[in-house]
There are 6 protein chains.
Amino acid sequence: MVFTSLDFDAPGKQQGFLQVPYSHNLGGWANVLVPVTVVQNGAGPTVLVLGGNHGDEYQGQIAAMKLAREVTTEQVRGRLILIPSLNFPAAQAATRLSPLDGMNLNRAFPGDPEGPVSSQIAHYLTTVLFPLSDVVIDIHSGGRSMEFVPCSHMHLVPDRAQRAAMFSAMLAWNTEFSFIYADIAGSGLLPVEAENQGKLVVTTELGGGEGVSAKVHRVAQQGLRNVLIHVGLLQGTEETRAGLGLPPTIITQALNRDDYLLAPESGIFEIMVDLGTLVRAGDLVGAIHHLERPDRAPEPVVARSDGFLITMRVPCLTRQGDCVAVIARQVSADEVLHA
Amino acid sequence: MVFTSLDFDAPGKQQGFLQVPYSHNLGGWANVLVPVTVVQNGAGPTVLVLGGNHGDEYQGQIAAMKLAREVTTEQVRGRLILIPSLNFPAAQAATRLSPLDGMNLNRAFPGDPEGPVSSQIAHYLTTVLFPLSDVVIDIHSGGRSMEFVPCSHMHLVPDRAQRAAMFSAMLAWNTEFSFIYADIAGSGLLPVEAENQGKLVVTTELGGGEGVSAKVHRVAQQGLRNVLIHVGLLQGTEETRAGLGLPPTIITQALNRDDYLLAPESGIFEIMVDLGTLVRAGDLVGAIHHLERPDRAPEPVVARSDGFLITMRVPCLTRQGDCVAVIARQVSADEVLHA
Amino acid sequence: MVFTSLDFDAPGKQQGFLQVPYSHNLGGWANVLVPVTVVQNGAGPTVLVLGGNHGDEYQGQIAAMKLAREVTTEQVRGRLILIPSLNFPAAQAATRLSPLDGMNLNRAFPGDPEGPVSSQIAHYLTTVLFPLSDVVIDIHSGGRSMEFVPCSHMHLVPDRAQRAAMFSAMLAWNTEFSFIYADIAGSGLLPVEAENQGKLVVTTELGGGEGVSAKVHRVAQQGLRNVLIHVGLLQGTEETRAGLGLPPTIITQALNRDDYLLAPESGIFEIMVDLGTLVRAGDLVGAIHHLERPDRAPEPVVARSDGFLITMRVPCLTRQGDCVAVIARQVSADEVLHA
Amino acid sequence: MVFTSLDFDAPGKQQGFLQVPYSHNLGGWANVLVPVTVVQNGAGPTVLVLGGNHGDEYQGQIAAMKLAREVTTEQVRGRLILIPSLNFPAAQAATRLSPLDGMNLNRAFPGDPEGPVSSQIAHYLTTVLFPLSDVVIDIHSGGRSMEFVPCSHMHLVPDRAQRAAMFSAMLAWNTEFSFIYADIAGSGLLPVEAENQGKLVVTTELGGGEGVSAKVHRVAQQGLRNVLIHVGLLQGTEETRAGLGLPPTIITQALNRDDYLLAPESGIFEIMVDLGTLVRAGDLVGAIHHLERPDRAPEPVVARSDGFLITMRVPCLTRQGDCVAVIARQVSADEVLHA
Amino acid sequence: MVFTSLDFDAPGKQQGFLQVPYSHNLGGWANVLVPVTVVQNGAGPTVLVLGGNHGDEYQGQIAAMKLAREVTTEQVRGRLILIPSLNFPAAQAATRLSPLDGMNLNRAFPGDPEGPVSSQIAHYLTTVLFPLSDVVIDIHSGGRSMEFVPCSHMHLVPDRAQRAAMFSAMLAWNTEFSFIYADIAGSGLLPVEAENQGKLVVTTELGGGEGVSAKVHRVAQQGLRNVLIHVGLLQGTEETRAGLGLPPTIITQALNRDDYLLAPESGIFEIMVDLGTLVRAGDLVGAIHHLERPDRAPEPVVARSDGFLITMRVPCLTRQGDCVAVIARQVSADEVLHA
Amino acid sequence: MVFTSLDFDAPGKQQGFLQVPYSHNLGGWANVLVPVTVVQNGAGPTVLVLGGNHGDEYQGQIAAMKLAREVTTEQVRGRLILIPSLNFPAAQAATRLSPLDGMNLNRAFPGDPEGPVSSQIAHYLTTVLFPLSDVVIDIHSGGRSMEFVPCSHMHLVPDRAQRAAMFSAMLAWNTEFSFIYADIAGSGLLPVEAENQGKLVVTTELGGGEGVSAKVHRVAQQGLRNVLIHVGLLQGTEETRAGLGLPPTIITQALNRDDYLLAPESGIFEIMVDLGTLVRAGDLVGAIHHLERPDRAPEPVVARSDGFLITMRVPCLTRQGDCVAVIARQVSADEVLHA
C-alpha cells in the first residue's frame, strides 16, 4: 500500500515521501508522509540511513536531516537513502511508540502490507528498501526513558564475515564505548531483519533522555559521516580514535538477564553511580524512594555482576519492572569476533 | 482548612502530614496528605526545607527524604521542618503543575484557604510555616523542560542585610555557578513571599531534565547539608569551594529580556553550545528543524548578549515561544551586594 | 443568567427546565437544561425537593422523577418544586463533580451569576428558589466512593426551634439510623445556605456505591413521601417506625476529626467490619494491602473512638488520604436538641 | 504581563508577536506568541483587525493573514494593526475555547493581567490596543457548531452617532443579509468592551461549520477590504451592493428568546428548512431523531416567530439545550437607527 | 456471535436489533444493539439499505430512519431490510471509525466472528445479510472531513451485466453528478464484498461536513425512494432528471493518483475553487497557510489534471498528507459501460 | 517471553514474579511483574489459585494475598501456586480489561507468546501452569458492573467424572447459592482452557460492585480455605453448610438467552427486586428512567422466565444493551450431574 513518487534508480538528489494510507476521523482519505532523501551517483554501495525508528530519539533524526540538506551528489559514490524520521507519527509526538497504532516499530518487522501504519512501513523496508541496500544504519538512543553512555553497538550475528564487517563499522563511529547486546525481550527488530538479509548493519545508542546535549549531537553527526566514509559512500578520509588522540574504545557486552536490573517496586528512583563507571557485583547502584512514606527505607537496587554502568533509567518516577540499570562487562575484540 | 497533627513546638523528631481536603469523584471526603518531618532540639534557627515545589524536580525531594530519615535530634540546634514533596500531587505525577488544579504552586502565593489544593498549601506556608521560620530553602531544578548548570541562585532583594545573608548562604551550596535572576513572567512566587517576610531564602537550580545524574544528586545532598551547617542548624564544619580545592564559583546574572531566547517556531530544537560555555552576542546557539520539511533551512536561534549558557531547553520537540536558552553574564560579588 | 419559562405562582402541574447558558466547542450558543416539576394547589408550605446535588447519587433522583410523574395537583396542599437532577451534567456523567466545570455543587454556594454552570445553579437556588421555599429536602447518598447505613441526617443548627423542626423531619424518614454531622472539610454547602435562610432542611445519606439496591430505593421513595406528609405538603397519614413495628432509630453523631479514618497509604482497602456494627477504639476496622508487594504486611486502619461504623469507602482501590471509615457514637434525642 | 517588541508608533510595516507568559509541564518558562502585523503611514484612522477570537472560525484568520502579507505601507493612510489569530492556542487546536484555560475569549473582557492566557490577551486589548484604535473589526463565523447566512452584524449601541457609523460600516461588507443581535447569554464580549470605549465596531458571522467554501472566503476577503476603504484606512473606491448589481441587503433582527430554538432532547438533528429561507411561526423547522429507537417519533422543533432562518446548528449529533435554529425578522434601516 | 430475534422470513413489518456481544469496564456482559427494520410482503427483490457505515455520515441514517417509520407492508414488494446506523457506536459518537475498536468498518470486510465489534458486524453482513439480498444500498457522504458534490457513485465491476445494472441504479438517484471511483487506499470495503457476491450495489457521496443542509436531506430521501422504486421494491413511478426538468447527470471519474491532491504540509487549508467547478491542470486549487508564521508564503495546492472539483477537505486545520481536493474528469456512459 | 526466577519444583515457600516484557513510552525495556507465591511440601495435588483475572474483582485478590502471607510450608500437602492479581495492570487500575492492551484476559486463552501482555499471560498459564496443576481455582465477582448473590459456579463439562468433582468442590465453598452457567458471549475463557486440559476447576461470583463488604470478604476467605482442604492441599477439617447449621445451597441455572435481560435503551436503571428473590415471568424487574425527560414513562424491564434474581447491574447509569438482570431457575443436583 505504501507509495512513493521517488525514483530510487535516478541519478542526482531527490527529496520526496513515502505515502502511507491512514484513514482517521479527521481525514477519511489521509496519508502519513515520511520524508525521504535519495542521492545517487555512479558506482558504490547503497546505504540506507534511518533515524526515528523510535520517535523520541532525535539524535539520528537531526544528524540525518542535516546530512540530507548538506550532502551533494558529487560527494556520493553509490546511493544514499536517508529517512530521518522513520516512525514519523511518533517523531511528531516525541513518543517511542506510534501514536497512530500503539506499535513499537522496532518490534514490527517483517511487517504487513494490510496492517496499521507501523506494519506497512516495516513491510516496505523489508520488501523494498532492504533489498536495495548494502549497508543499513539505524541510529538509536535511549529515548525518553533511558540514557546510555554514547556508543555504537551490534548483535553477534552468526555469519563471521558479516560480523567482522559490522564490528569494523561499529568502531568507525569512534565512540568511547562500544556495546554488544542481545534481544531478551521480543522479536521483530529492524536490525535483525536487515541482518537476516545479510546486510552490513550499524546501530547506536547515543545518550538518551528527552534532551540531547551539543556534545552528543557532535558524536552523532561526526560518527555518521565517518561511518559513511568507512563504507565507501562518502568521499573523505576516515578518522580513528587513535588519529584523534583518544584512547581505544571500551568494548562491553551484556548478554545475561542478571545484567539488567529492574525496579523492585514503583517509586522514585535515585541512581547512585555515574554512567560509564565500573561497578562490582553487590554494589548499591540505586534505590527506590517511597513518596507517600518517606520514612520507610528505600528499596535497594544492587548490581548482580561486575561491569560498567552502560545505561540507566532517566525519569525518576519509576514503575515496578522498569529497567533501571544495565551492567556490561568489558570484552576484547577477539571475544566479539570469535564468540 | 489545612490540618496537621504535628506539634511544631514539641521537642524531638516527628513524622506526619499536612492534610489538605480534596473532594473528587473517587473520594468524596478525601484529602491530600503532604509528608512532613519536624526535628526540634533546643535553641537555634528554624529552617524550613522544601522540595517538590514543582513536582517534576526530584533532586531536592530525594535530598530531603534522605535527610529526613537520617537526621537525629542530637544533630540539630533549633528546629528543622522538612517537606520533601511540597506539591505532592505533582510529585506523584512527575509534572510541574498540580494535576488536581492545574496550578503552578510557585505562582500561587500568598494562597487562599478556600481555593484549590495548591492555593491551600500556599496559604498554609504563608500564614503558618513562614512565620515560624528564619530560613527558607526551596530546592528547584529545571524540571522536565529545562536543564541548568547546577547552581544555587537568588533574587536581588532590596534589603541589603537580607541580601548579604542570602548571598552568603547561596555560596555555601558550593556550586560551580551561582545565578542572580529576576521574575519576568509572573508573580506569586514562594521565595518572594518568604523574602517579603524577611526570611533568609536559599534557592537552587540543580540541573534538570526528567533524570538526575548521580553527580547532581551529590551536589544536592552535600550542598543542602553544608547550607544547614552554614545557618547553624546542623552541627559540623562548613565546607568551602576553596577548602575543597575548587575554583571560585562563577557568579552570573540574567535580568534582561534579551537574555532569554525563545523558539521562533515550533519544531525540533538542536542545541549547538554546551551548557556552561561562554557565548558572544550573534553566536548561533541552536536551531529549530522542520520534521515535515527537512529540506527547509532550520530557524536559527542566535545569542543577543554575551555570557554563559546557563540553561537550555531539554525536550527536542519544541513549541513556538518556549524558552530554549538563557545567556547569563558574569558579575562580581560587589555588583550583587551593592546593585 | 439562569432562565426558566416555568411560572412558580401558577396553579396546577407544570413540567419545564432551568436554562443555564453554556458555550462549548460543540455548541457555541448552548444551554444546560435542568428539568423541574412544579405543582401548586392552594394554601400550604412550599417544599423544594432536590436530587442529584452530586451527580452519582441516584437514589433521590429516581425518587424525585417518580414522584414528579405520579403526583397530582389534588394530592398537594401548597407548592411542590421538584428538581430530580440538580447537578444535571454530573448526573448524565455519573460523577460527583460537574464534568463541565469540575466543581462540587455542594461547595459552590451561595454561587455566582457570572460563574460557571455550577455557580449559576447555586446562585439561582440561593436567590430565587430558597426564598420561595419553607422546606428544602436535599437527598444524598455516599455516591460512588462511600456507602452509608441508609440514614437521614442533619446539622446542629444554632436556632433551637429550627433544629427541633429539622430533628422531627429527620425522624419522619423512618430510617434505622439517624446521623448528626459537622462540616470539617469546606464551606459552601447547599443545606448550610438553606439553613442560614431559616428553612426547615432535611437531608439524607441513603446507602452508596454506584448501585442502589431495591431495598434502598424503597427507603428513598417511602421516606420522601412520609416527610412530605409530615411537613403538610402531601395529604395522607404519616407513618412512624413504631407504627411499622420497627425499633426506634439509632441516633449517632460524628463531630470529631478522630471519628474519620483516613487511608495511611495508597493500596487495596479491605473493610473488616460490617456497616452499622458497633466498634471500640483500638479495633481493627480494615487494612490497606500492597498489590506490588503482597508479601509486605498490610497497613492497619484502627478505630480511634467507640461507635457504629456509619459509612465506609466503597472502591477497594484507595489513595492515601481517602476517608475509609467513619465511627459515629450513639447520642440521645436530648443531646441533639439541647447541645 | 503581555510583552511585544513591536513599536506601534513606528512608520512602515512590522511583523511581530504578542508574547504571553504561559508556564506548563513541557515548558516551564514558555510563552504563547500571537502574531501581529502593524502598518503605519501618516495621518488616518487606527484600525484593529481581529480574526480568531474563536479559534475555529478561520474565515477572518485567512483574510487577515492574506492582507498582512499583501498590504504595503503605501496603501495605508493611518495605522493598521492586524491580529489574524487572536485566540492563538484555540486557532492551533481548531476549537472555540482556548485549550490552555478553557475560556471563551469573547466572554473574557475586560480581562485580568494576572489571569490565564485568555484573560491576559483580553486585558491587553482593553488597556493597550483598544485605546490606540478608532475602528475595531472582529471577524466571526458560526465556528464548528453553527452556520449563518454570511452576514455582517452589530449591536444596537445606545449612542446614536456611534450606531449610525457602525450601521454604515456593517453595510460596507456588502453581504446579502445584515443582522442585529443582542447578547442573551453572558457578558464580557470583545465588541461590547470596544463599543463601551466608543469605537466604531464592525463584526460578522460569515457562514460556519468546520469548513469554509471558496465563495465565503471571497465574501470575507472582499468585504474586509471594502470596509477598510470605507473607514478611510485603505486607498481605493468603496463598492456597494447596488454598484455590484445586487439587491439591497436584507436587514434582520433577533432580540427575543423566542427567536432562539433549542434542542428539546439529545439526538440527531435534521434541519428541514434551507438557510436564508422565510418561515412562519408554527412551521416545522427541524426534528431530533432517536438513534437507539428509530421507531420512536422524532422530537419536533417548531418556529415560534416569523422570520428568516438566519443560522442553524451544524453537527447533526446534538445535545439537549443546544441552539439548533435562530429565526430573525426583517427590519428597516430606520428601525435600526432609531430603535 | 451476532444474534437477532428478528425473523427475516416472517411477513409484515418488524423492528428489532442485531445484538453484538461487547464486554467493557462498565458492562461485563454488555452488547451493542444495532437497530434493524424488516418489511416483507410477497414476491420481489430483497433490498438491504445501510446508513452509518461511517458513523459521522448522517444523511443516509436519517433517510433510513424516516423510511423505517413511514414504510408500510403494503408499499413493499419483496423484502426491505433497513439498518439506519450500521456502525452504531460510531454513529453515537459522530466519528468515522468505531470508538470501541478504532476500526474503519468499510475496511473490515469480510469480517471475523471472533474479532472486535466492527469485525463481527462485517462478518454478519458477509455471511447472513448479503446472501439474503439482491440489492445492497450503502449511503455515504464525505463525513466530517470531506465534502462532495452530492452524487451517487459506483465501481467499475468486471461483470458487464452487473455493471450495467449498477449504472442504471446509480442514475436513478437523480443527482447532478455521478462518480466512478477506484479504491487506491486499502481493501476490505463493504461494497466490494457485496459486488463480489454478485449483488446490485448502489452507493453515494451525499455532501459532507458535520452538518447536512435541508437540500441535501431532500436529495438523500428522494433519491433513496426513487432507487427503491427503480429496483422494484417500492411501488410507485420512477422519476428521472429529464422528467424533473433537470439537465442530464454529469458522469465523472477519478481513477489516477494524480487526481487526488494531498496537503504538502500541515497548516490551515484555504480552498480557492467552488465545488463542482471545472479546473485545468496547473490551476491553483488551494493553499496551506502557516498560523505561526503568517508572513511566510502559503504552500500552494495545484491541480495536476483537468476536471471537476468533485470533493474537497472540510476542516481548515489540516495535516500533511490529508487529501484536500479530488479532480474528476467527465466521461460518457459508454466509457463507463464498456471500459 | 514470560520469565520467572521461581523454581516451581523447589520445596518450601517462595515469593517471586512472572516477568512479562512490556515496552512503552516511559519504559523502553520495561516489564510487568505479576506477583506469585509458591509453597511446596511433599506429596499431594498441585493447586493453582487465581485472583484478579478481571482487575476490578478484589475479593479473590485479597483472599489470595492473605493466604500467601499466612500459609506455612507445614500446612501444605502438595503444591500451592498463588497468583493474587493475575491481570496485574488491570488490578492496579481497578478495571475489568487490561489498560495496557484493552484485552479481557478471560477471553484471551489459549494466548499467544508474541501477543500483548494479556496474551502472553494467558499463554504462560496454558502452556506452563495449567499442565503443572491438578486443581485450578479462579475467583471472580461481578466486578464494577454487576452484583451477584455470592455463589460458587461451574460449567456443565461433558466429562461426568470431571463434572462430579467440580460439583463437589463447588459445594465446598458453602455459599447460599450455587450457579450453573453457560458462555453465550464469546470464547477464550480461562476456566474453559483449564477444563479442556481435564483439570478440576472451581470458580465463583462473590458479590460485585466496586466495593466488597466485610461479609463477602469472609465468604471469600473461608470458602477458599475450605475448598483447599476439600481437595487435600491444606490440612484441616472440611466444613459443610449442614455442619454450620445452614440450609442447603440453592442450585440455580441460567442457560437460555431469555434468562439474560438487557437494557432496552440508555438511561438510569432502577432495580425493583432484591437480589436472591424469586420472580415470575412477566414480573417487572426494573426500569430505565429518562434523565432529560423525567416526564416520559420509563422503559420497563420484565422477566421472561421464572427464577431467582441471581445477578443485577450495579451502576445506575446504563447503556442500551447492558445486561441488567439474570434470572436463574432452581435445579437439583441430579439435573446438574446427569444433564
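Within any chain, residue numbers begin from 1 and follow the written order of that chain's sequence. Here chains are named by letter from A upward and ligands by number from 1 upward, in the order in which they appear as written. Reporting in this predicted model follows two pLDDT cut-offs: at least 70 for local features of residues, and 80 or more for side-chain atom pairs to be given and counted; totals over whole chains, interfaces and linings ignore these cut-offs and use all residues.

Undergrad: Help me get a handle on the arrangement of the chains, residues and values and all.
TA: Each residue gets a C-beta atom placed from its backbone, and two residues are in contact if those atoms lie within 7 Å. Structurally, chain A and chain D remain out of contact, their C-alpha atoms never closer than 11 Å. No interface is formed between chain B and chain F, the nearest pair of C-alpha atoms being 11 Å apart.

Undergrad: Any details on the interface of chain F and chain C? Residues and values, ideally.
TA: Taken together, the contacts link 36 residues of chain F with 36 residues of chain C. The secondary structure listing takes helices from DSSP runs of H or I that are at least 4 residues long and strands from runs of E that are at least 2 residues long, numbered from the N terminus. For the side of chain F that touches chain C, the secondary structure elements donating two or more residues are α1 (58-70), α2 (88-93), α6 (214-230) and β13 (267-271) of chain F. The dominant element in the side of chain F that touches chain C, judged by the number of residues it contributes, is α1 of chain F, at six residues. When residue character is reported, Ala, Val, Leu, Ile, Met, Phe, Trp, Tyr, Cys and Pro are called nonpolar, Asp, Glu, Lys and Arg charged, and the others, Gly included, polar. Grouping the amino acids of the side of chain F that touches chain C by side-chain chemistry returns 20 nonpolar, nine polar and seven charged.

Undergrad: Please provide a residue-by-residue account of the domain arrangement of chain A, values included.
TA: Residue and element names in this part refer to chain A. We note that the domain assignment places domain 1 (3-248) and domain 2 (257-338) within chain A. Domain start and stop points were drawn from an automatic or database domain assignment. Between the C-alpha centres of domain 1 and domain 2 there is a distance of 28 Å. In this assembly, 17 residues from domain 1 lie in contact with 13 residues from domain 2. Among the elements of the structure, β7 (146-148), α4 (160-171) and β9 (177-181) are those that each provide at least two residues to the side of domain 1 that touches domain 2. Grouping the amino acids of the side of domain 1 that touches domain 2 by side-chain chemistry returns nine nonpolar, four polar and four charged.

Undergrad: Just give me the short version of the interface of chain E and chain B, but keep the residues and values in it.
TA: The extent of an interface is frequently quoted as the accessible surface area lost upon association of the parts. Between chain E and chain B, the contact holds five residues from the first and five residues from the second. Its residues assigned to classes, the side of chain E that touches chain B comprises no nonpolar, two polar and three charged.

Undergrad: For the relation of the copies chain F and chain C, give the residues involved together with the corresponding values.
TA: Of the transformation placing chain F onto chain C, the axial shift is 0.0 Å and the rotation is 180°, giving an RMSD of 0.0 Å. Read as a symmetry element, the transformation amounts to a two-fold axis. A symmetric contact is evident, with 100% of the interface residues of chain F recurring at the interface of chain C. Here the copies were fitted onto each other by least squares, based on C-alpha atoms from residues at pLDDT of at least 70 in both.

Undergrad: I'd like a description of the sheet that holds strand β16 (residues 299-302) of chain C, backed by residues and values.
TA: The strands making up a sheet are joined through hydrogen bonds of the backbone, oriented either antiparallel or parallel. DSSP bridges decide pairing: two strands pair if at least two such bridges lie between them. One open sheet holds the four strands; their spatial order is β16-β15-β13-β18 (chain C), and the pairing between them is antiparallel. Every other strand in the sheet has two partners, leaving β16 and β18 (317-318) of chain C as the edge strands with one partner each. Across four bridges, strand β15 (residues 284-289) of chain C lies against β16 of chain C in antiparallel orientation. Counted as the bridge partner of L284 of chain C is V302 of chain C from β16 of chain C. Sitting on the sheet, α1 of chain F is in contact with β13 (267-271) and β15 of chain C, with an inclination near 90° to β13 of chain C. Interaxial angle, 0 to 180 degrees, is taken between N-to-C directions of lines fitted to C-alpha atoms, where a helix line uses only the stretch in contact.

Undergrad: Give a description of the relation of the copies chain E and chain B that names residues and reports values.
TA: Two copies of a chain can be linked by a rotation about an axis combined with a shift along that same axis. Its rotation angle being 180°, the transformation that places chain E on chain B also includes 0.0 Å of axial translation and leaves an RMSD of 0.0 Å. When the interface residues of chain E are mapped onto chain B, 100% of them again fall at the interface, so both copies present the same face.

Undergrad: Describe the nonpolar core, naming the residues involved and giving the relevant values.
TA: By size, the foremost hydrophobic cluster in this structure holds 668 residues, and its most contacted members are V34 of chain A, V34 of chain B, V34 of chain C, V34 of chain D, V34 of chain E together with V34 of chain F. Excluding residues that lie within four positions of it along the chain, V34 of chain C makes contacts with F17, L18, V20, I83, S85, L86, F88 and I121 of chain C. What makes a nonpolar core is a set of buried Ala, Val, Leu, Ile, Met, Phe, Trp, Tyr and Cys residues, with links drawn between C-beta atoms within 7 Å. In this scheme the burial state of a residue depends on its C-beta neighbours within 10 Å: 20 or more other such atoms mean buried, 12 or fewer mean exposed, and anything in between means partly exposed; the C-beta positions come from the backbone.

Undergrad: Quick rundown of the sheet that holds β13 of chain F? Include the residues and the values.
TA: Taking strand neighbours across the sheet as the criterion, the four strands line up as β16-β15-β13-β18 (chain F) in an open arrangement whose pairing is antiparallel. For this open sheet the edge positions go to β16 (299-302) and β18 (317-318) of chain F, each flanked by a neighbour on one side alone. Across the sheet, helix α1 (residues 58-70) of chain C touches β13 and β15 (284-289) of chain F, and the angle it forms with β13 of chain F is around 90°.

Undergrad: Break down unusual backbone geometry for me, with residues and values.
TA: Of the consecutive residues F109 of chain D and P110 of chain D, the connecting peptide bond is found in the cis state with omega at 10°. Mapping P110 of chain D onto the fold places it in the loop between α2 (88-93) and α3 (117-132). Of note, the phi angle at A94 of chain B is positive, near 55°, even though the residue is not glycine. Considering the arrangement of structural elements, one finds A94 of chain B in the loop between α2 (88-93) and α3 (117-132). Its identity is not glycine, yet N174 of chain F carries a phi of approximately 65°, on the positive side.

Undergrad: Pulling in residues and values, what's your account of helix α4 (residues 160-171) of chain D?
TA: Given a rise of 1.5 Å per residue, twelve residues ought to cover 16 Å, and the 16 Å separating the end C-alpha atoms of α4 of chain D matches this to within 8%. Restricting attention to buried positions, one finds in α4 of chain D the residues M166, A169, M170 and L171 of chain D. A helix is expected to span 1.5 Å for every residue after the first.

Undergrad: Outline the packing of helix α1 (residues 58-70) of chain A against helix α6 (residues 214-230) of chain A, supporting the account with residue identities and numerical values.
TA: Residue and element names in this part refer to chain A. One way to put it is that α1 packs onto α6 with a least axis distance of 9 Å and a crossing angle of 50°. Considering the angle they form, α1 stands oblique to α6. In this structure, α1 crosses over α6, and the sense of that crossing is right-handed. Of α6, the residues touching α1 (which contributes Q59, G60, I62, A63, K66 and L67) are V216, H217, A220, Q221 and L224. By the definition adopted for this analysis, an angle is roughly parallel if under 35 degrees, roughly antiparallel if over 145, roughly perpendicular if from 65 to 115, and oblique otherwise. For a crossing to be left-handed, the near helix must be turned anticlockwise from the far one by less than a right angle; the clockwise case is right-handed.

Undergrad: Lay out the confidence of the model for chain A in plain terms, naming residues and giving numbers.
TA: For chain A, per-residue confidence averages 97 on the pLDDT scale, and residues scoring 70 or more make up 100% of the total. Model confidence for the complex: the whole-complex pTM is 0.96, and ipTM, which rates the interface, is 0.96. Confidence scores per residue from the predictor, reported as pLDDT, run from 0 to 100.

Undergrad: Could you give an account of α6 of chain F, with specific residues and numbers?
TA: All names here are of chain F. Here α6 is 17 residues long and its end C-alpha atoms lie 24 Å apart, about the 24 Å a rise of 1.5 Å per residue gives. Burial in α6 covers these residues: V216, H217, V219, A220, G223, L224, R225, N226, V227, L228 and H230. Directly beyond the C-terminal end of α6, a positive phi value near 90° is found at G232.

Undergrad: Before we move on, can you summarise the pairing of β9 of chain A with the specific residues and values?
TA: Residue and element names in this part refer to chain A. Counting buried positions along β9 yields five of five residues, so the element is predominantly enclosed. Summarising the sheet, strand β8 (residues 151-154) and β9 pair through four bridges and their orientation is parallel. Residue pairing for β9: M154 is matched across the bridge by I180. If the strands point away from the viewer and the path from the first strand over the helix to the second runs clockwise, then the crossover is right-handed. Following the backbone out of β8, through α4 and into the adjacent parallel β9, one traces a crossover that is right-handed. As judged from the five bridges shared by β9 and strand β11 (residues 250-254), these two strands associate in the parallel manner. For F177, the partnering residue across the bridge sits in β11 and is I250.

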